[in-house]
Amino acid sequence: MGKFEGLRENEWAIVEPLIPYPWSATKRGQRPLHPRKILNTLIWVLTTGARWCDVPVAPQWASRACAHKYLGLWKENGVLERALVALQQICIDGKMIDLSRLSVDGFFFRGKRRG
């Protein structure tokens, strides 16, 4: 598995229509960050399990504060789930995920402690 450097053009082309953009300017007159940078950052955090303070700094990434803000907004309105499902389908179609090797683990089942 390679290091995630951001969405490729073909991946972004599929996800782009699922994300509402462009947004209007904020109250301070600033234009919001491009959603591709936000999604790149969210995918990086979700796949690496890294802390928000470890988000890389480069042109393809959003700031940790911006990405964290949109994580909540996109999760609430369903944008994040639609985008991740679309990316999952790309991986399945490209044979990057082998669904025949999935398993369910009941390790986290909490049993009764009595008797």
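Note that this is a predicted model, so its numbers are computed, not measured.

Novice: I'm lost on helix H4 (residues 79-93) in this one. Help?
Specialist: Two residues of an α-helix separated by three or four positions point the same way, owing to the 3.6 residues in each turn. In this model, H4 (15 residues) spans 21 Å end to end at C-alpha, consistent with the 21 Å of a helix rising 1.5 Å per residue. Taken together, the buried positions of H4 are Val79, Leu80, Ala83, Ala86, Leu87 and Ile90. For H4, the buried positions fall inside an angular range of 135° around the axis, keeping them on one side. Structurally, H4 contributes buried residues whose contacts are with helix H1 (9-15), helix H2 (35-48) and helix H3 (64-77). Two residues or fewer after H4 comes Lys95, characterised by a positive phi angle close to 60°.

Novice: Can you walk me through the packing of H3 against H4 in this structure?
Specialist: Between two packed helices, the angle of one axis relative to the other and the distance separating the axes together describe the packing. Interhelical geometry of H3 versus H4 gives an angle of 85° and a closest axis separation of 4 Å. By the criterion of interaxial angle, the relationship of H3 to H4 is roughly perpendicular. In this structure, H3 contributes Leu71, Trp74, Lys75 and Asn77 to the contact, and H4 contributes Val79, Leu80 and Arg82. When the residues that make up the contact of H3 with H4 are grouped by side-chain class, the tally is four nonpolar, one polar and two charged.

Rules used throughout
Residues numbered from 1 in each chain as written. Predicted model: local features only at pLDDT ≥ 70, side-chain atom pairs only at ≥ 80, totals over all residues. Heavy atoms only, no water. Helix = DSSP H or I, 4+ residues; strand = E, 2+ residues; numbered from the N terminus. Expected span 1.5 Å × (residues − 1). Buried < 20%, exposed > 50% of the residue type's maximum accessible area, 1.4 Å probe, protein only. Arc of directions from axis to C-beta. Contact = heavy atoms within 4.5 Å. Axes fitted to C-alpha atoms, helices over the stretch in contact; angles between N-to-C directions. Parallel < 35°, antiparallel > 145°, perpendicular 65-115°, else oblique. Nonpolar A, V, L, I, M, F, W, Y, C, P; charged D, E, K, R; others polar.

Honestly, that's just the spatial picture; any functional story needs more than this.
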